[in-house]
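Survey of secondary and tertiary structure
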2 protein chains.
Amino acid sequence: MEFKKIWQERSALVEAQLVKELNEANPLDKTLCESMKYSLMAGGKRLRPILVMAAADAVGAKGTDYLTTGCAMEMIHTYSLIHDDLPAMDDDDYRRGKLTNHKVYGAGMATLAGDALLTLAFEVMLRQQGVSSDTLVRVVREISTAAGPDGMVGGQALDMESEDKQISMETMKNIHLGKTGALFRAAIRSGAILGSASEEALAALTVYADNFGLAFQITDDILDVIGDESVIGKPVGSDEKNHKSTYVTLTSLEEAQKLAQDAVDTAIDALKIFGGEADFLRELVAYLVKRNK
Amino acid sequence: MEFKKIWQERSALVEAQLVKELNEANPLDKTLCESMKYSLMAGGKRLRPILVMAAADAVGAKGTDYLTTGCAMEMIHTYSLIHDDLPAMDDDDYRRGKLTNHKVYGAGMATLAGDALLTLAFEVMLRQQGVSSDTLVRVVREISTAAGPDGMVGGQALDMESEDKQISMETMKNIHLGKTGALFRAAIRSGAILGSASEEALAALTVYADNFGLAFQITDDILDVIGDESVIGKPVGSDEKNHKSTYVTLTSLEEAQKLAQDAVDTAIDALKIFGGEADFLRELVAYLVKRNK
């Protein structure tokens, strides 16, 4: 599939750029630097940078021009995983088949590595070239709101508060809108804004983004039940073990699969105003609900 | 003293604005909101916002116009204290005479409260009114660099790595330049840049800032030895207990006092190009080495 080749090529660009940004960051402490690099270069789908670039492509701009902003989004995503894995949070030993950051560097250094990646993300995104300062301010505000108490961190807190509790579908949706949805939305909207999207295009991509996030999350919940541990890189059944409410536990496996497919259809439908320049986004969302990790 | 009245009045402005920003942040999770508020409103000297405003005053602008940026700096400072106190870091039970954040909300929520305050700080500073987007981008970059791996977080990591080790004066200076110096510098430079400082004025204020940070840190080290526990709000002698190298342990009490006074003199001397509009900064640095908490 053509779109997988683009994904692969751009992931390689992202990884090369991440290494470059880390080397330029010149941290005062060597172990801090290693710890940041350990998690940042531990693989992953590089979905958020891929989405920044694909959204810019969709509105007729050149996606790779916004690699810098994409890398900043990946740093925010990585910091959130490091903190989420901490003993005081989910207390996970493995992530993507590798030891989690704190299992290698200790919880103190892992906390600082997360803090450093979040802060560096802002420094990096403010270096995005080829856009006016007005646009840059708009994009960085969009991303900070998505990552903050009203978005990603808020979702994490709500998730933590909901463990071992019977929660409603409404609360679970809010958790996911915050934990994963907000950053996907910001990635896609940032790419569109950087690429000078019209208001109509931005609105369409926002609908796509929200349904992309929904499809992604439901699939995650499904994979936790039926996935292959050796492929996912972390134990399956962890949601049940941790008494977490998911789309599967609150509905059923079949219903969750149907909800995921509905979200994919809605996402693809939202792209009808675009031509072939949005094909990557169409294929990506359809692929993600069929993924096995 | 006139300058103490200004300090008091402006601290009240800062506190009112912080409450406003928190209320507008609308976090997804109620406990997260309470936890952020608990530490943000736990008192403190509000030095960083005060410095933003005083630097703007010194270059002939109106300091209170930059309250927003000052509040963002206070959020960054507060997040760093919350994370620094965590069990995986310094494991402190008290801060400013009150239980530390994690003693009240647990280490997981305290980690998230810190994350949320850091992210909200960027959202807030990007809302600073009355400046061009070009200037805003410059200021936010300055602050992100100061708070990141090359600045504050780097200093924290270096500090953690140096515990229970014999370190050189050079390493200790790097720790403090990062941990406290970088943010003081960014506060003062941000205020100056927001207030349209000339290059000469900015350079002079940078010299002031670096010596301000030095004088502040040495005084902190001195107070840890000779301070009054009930006034400081945390146990004295904690540096010795934690085997931390300080200006006092690496030189002597007398030598540290002399170094602090030298830094004050250099800071005040750097302000000679300014008139009465820099009096607040002159009095502040002289006062800080005589403080008892």
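For the structure, see preceding data.
Sequence order as written defines residue numbering, which begins from 1 separately in each chain. All chains are assigned letters beginning at A, and all ligands numbers beginning at 1, according to the order in which they are written. Reporting in this predicted model follows two pLDDT cut-offs: at least 70 for local features of residues, and 80 or more for side-chain atom pairs to be given and counted; totals over whole chains, interfaces and linings ignore these cut-offs and use all residues. In computing side-chain properties, one takes all heavy atoms of the structure into account and sets aside hydrogens as well as water.

**Description of the nonpolar core**
Stated formally: Joining through side-chain atoms within 4.5 Å is the link that ties buried Ala, Val, Leu, Ile, Met, Phe, Trp, Tyr and Cys residues into a set, and such a set is a nonpolar core. Buried residues are those whose accessible area, probed at 1.4 Å on protein chains only, stays under 20% of the maximum for their type, while exposed residues exceed 50% and partly exposed ones sit between those limits. Every residue pair with non-hydrogen atoms within 4.5 Å of one another is taken to be in contact.
Core analysis: the largest hydrophobic core is formed by 177 residues, its most contacted members being I76, L205 and L284 of chain A together with I76, L205 and L284 of chain B. With residues up to four places along the chain from it excluded, the contact list for L205 of chain A reads A55, A58, V59, I188, A192, L271, F274 and L281 of chain A. Judged by nonpolar contacts, the second largest core, of 10 residues, contains I167, I175, Y247 and V248 of chain A.

**Some remarks on the relation of the copies chain B and chain A**
Operational definition: Each copy is superposed on the other by least squares, with the fit set by C-alpha atoms of residues at a pLDDT of at least 70 in both.
Least-squares fitting of chain B to chain A yields an RMSD of 0.0 Å, with the superposition described by an axial translation of 0.0 Å and a rotation of 180 degrees. Here the symmetry operator amounts to a two-fold rotation axis. Measuring from the rotation axis to each C-alpha of chain B, the shortest distance belongs to S133 of chain B, at 2.6 Å.

**Some words on the packing of helix α4 (residues 67-85) of chain A against helix α9 (residues 169-194) of chain A**
Residue and element names in this part refer to chain A. Under the convention used in this document: To get an axis, a line is fitted to the C-alpha atoms, and for a helix only the part in contact is used. The angle between two axes follows their N-to-C directions and goes from 0 to 180 degrees. Runs of E in the DSSP output that reach at least two residues are strands. Runs of H or I that reach at least four are helices, and both are numbered from the N terminus. By the definition adopted for this analysis, an angle is roughly parallel if under 35 degrees, roughly antiparallel if over 145, roughly perpendicular if from 65 to 115, and oblique otherwise. Just so you know the grouping, Ala, Val, Leu, Ile, Met, Phe, Trp, Tyr, Cys and Pro go in nonpolar, Asp, Glu, Lys and Arg go in charged, and all remaining residues, Gly too, go in polar.
Where α4 meets α9, the axes come as close as 10 Å, and the angle between the chain directions of the two elements is 170 degrees. When the axes of α4 and α9 are compared, the pair comes out roughly antiparallel. Residues T69, M73, I76, H77 and D84 of α4 pack against K179, L183, A186, A187, S190 and L194 of α9. Broken down by class, the residue content of the contact of α4 with α9 amounts to 6 nonpolar, 3 polar and 2 charged.

**With respect to a nonpolar patch on the surface**
Applicable threshold: By definition, no residue in a patch forms a salt bridge, and every one has over 30% relative accessible area; like charges are joined within 9 Å, nonpolar side chains (Val, Leu, Ile, Met, Phe, Trp, Tyr) within 5 Å. The Shrake-Rupley method, run with a 1.4 Å probe, gives the accessible areas here. Residue values count only the displayed protein chains as cover. Definition used for salt bridges: Asp or Glu carboxyl oxygen within 4 Å of a side-chain nitrogen of Lys or Arg.
Residues Y94, L99 and V104 of chain A make up a contiguous nonpolar surface patch of about 260 Å² in total accessible area. With respect to the helices and strands, the residue L99 of chain A is situated in strand β2 (residues 98-99).

**Section: the pattern of salt bridges**
Per the stated rule, a full pass over the model turns up 34 salt bridges over all chains. R46 of chain A is the salt-bridge partner of E15 of chain A, the closest N and O atoms lying 2.9 Å from each other. In this pair, E15 of chain A is assigned in helix α1 (residues 2-25) and R46 of chain A in the loop between α2 (30-40) and α3 (47-58), connecting sequence segments 31 residues apart. E15 of chain A gets classed as partly exposed once you look at its relative accessible area, which sits at 27%. Judged by relative accessible area, R46 of chain A falls into the buried class, the value being 2%. With its nearest N and O atoms 2.4 Å apart, the salt bridge here joins R189 of chain B to E142 of chain B.

**Re α9 of chain A**
All names here are of chain A. Selection rule: The span one expects for a helix is its residue count, reduced by one, times 1.5 Å. Two axes enter the bend calculation: one fitted to the seven residues ending at the residue in question, the other to the seven starting there, and the bend is the angle between them.
Here α9 spans 35 Å end to end across 26 residues, near enough to the 38 Å set by a 1.5 Å rise per residue. When the local axis directions of α9 are compared, the greatest deviation, roughly 50 degrees, occurs at G181. Of all 26 residues in α9, 19 are buried, a share of seventy percent or more.

**Considering the interface of chain B and chain A**
Quick note on the threshold: Values labelled buried area give the accessible surface lost by two parts on being combined, using a 1.4 Å probe and summing over both. The term polar contact refers here to a pair of N or O atoms within 3.5 Å; inside protein, the definition further demands a hydrogen-donor-capable atom paired with an acceptor-capable atom, and it admits residues adjacent in sequence only when both atoms are side-chain atoms.
Taken together, the contact between chain B and chain A spans 50 residues of the former and 50 residues of the latter. In total, about 4,100 Å² of surface goes out of reach between chain B and chain A, with carbon and sulfur atoms giving 70% of it. On the chain B side of the contact with chain A, L28, L126 and P149 of chain B bury the most area, a combined 17% of that side's loss. Scanning the region where chain B abuts chain A turns up 0 salt bridges. Across the chain B-chain A interface, the total number found is 10 residue pairs in polar contact (both at pLDDT 80 or more). Listed by contribution, the elements that provide at least two residues to the side of chain B that touches chain A are α2 (30-40), α4 (67-85), α6 (107-125), α7 (133-147), α8 (152-162) and α9 (169-194) of chain B. Ranked by residues supplied to the side of chain B that touches chain A, first place goes to α6 of chain B with 12 residues. Grouping the constituent residues of the side of chain B that touches chain A by class yields 26 nonpolar, 16 polar and 8 charged.

**Brief notes about the packing of helix α3 (residues 47-58) of chain B against α4 of chain B**
Residues and elements named next belong to chain B. Going by this rule: The crossing is said to be left-handed when, going from far helix to near helix, the turn is anticlockwise and less than a right angle, and right-handed when the turn is clockwise.
At a minimum axis separation of 7 Å, α3 and α4 run at an interaxial angle of 150 degrees. Viewed along their axes, α3 and α4 adopt a mutual orientation that is roughly antiparallel. For α3 against α4, the interelement crossing comes out right-handed. Of the residues in α4, those in contact with L47, R48, P49, V52 and M53 of α3 are L67, T69, G70, C71, M73, E74 and H77. Grouping the amino acids of the contact of α3 with α4 by side-chain chemistry returns 7 nonpolar, 3 polar and 2 charged.

**Points about the side chain of E142 of chain B**
Residue and element names in this part refer to chain B. Positionally, E142 belongs in helix α7. In this structure the side chain of E142 is engaged in a polar contact, spanning 2.4 Å, whose partner is the side chain of R189. Excluding residues that lie within four positions of it along the chain, E142 makes contacts with A186, R189, S190 and I193.

**Considering the environment of G60 of chain A**
Along the chain, G60 of chain A falls in the loop between α3 and α4. Between the C-alpha atoms of G60 of chain A and G275 of chain A, which are 215 residues apart in sequence, the distance is 9.9 Å.

**Observations concerning the state of the cysteines**
Residues and elements named next belong to chain A. Spelled out, the test is: Disulfide assignment relies on a single distance test, namely cysteine sulfur atoms paired within 2.5 Å.
Within the structure shown, the criterion is met by 0 disulfides over all chains. C33 takes part in no disulfide bond, and the closest cysteine sulfur to it belongs to C71, at a distance of 15 Å. Relative accessible area serves as the criterion here: at 22%, C33 is assigned to the partly exposed category.

**What about the packing of aromatic side chains?**
In plain terms, the rule: Between rings of Phe, Tyr and Trp, where Trp is taken as its six-membered ring, a pair exists when centres lie within 6.5 Å; planes separated by under 30 degrees are stacked, by over 60 edge-to-face, and by other angles tilted. Throughout this description, the term charge over a ring refers to an Arg CZ or Lys NZ atom that lies within 6 Å of the ring centre and within 35 degrees of the ring normal.
Per the stated rule, a full pass over the model turns up 17 aromatic pairs over all chains. Pairing W7 of chain B with Y287 of chain B gives two aromatic rings, centres 5.7 Å apart and planes at 90 degrees, and the pair type is edge-to-face. Of this pair, W7 of chain B sits in helix α1 (residues 2-25) while Y287 of chain B sits in helix α15 (residues 279-288); the two residues are 280 residues apart in sequence, bridging distant segments of the chain. Of the residues examined, Y287 of chain B reaches a relative accessible area of 25% and is grouped as partly exposed. Ring pairing ties together the aromatic residues F3, W7, F280 and Y287 of chain A, which thus form one cluster. Note that K98 of chain A overlies the ring of Y38 of chain A, its terminal NZ or CZ placed 4.2 Å from the centroid.

Interpretation note: all reported values are geometric properties and have no functional meaning in isolation.
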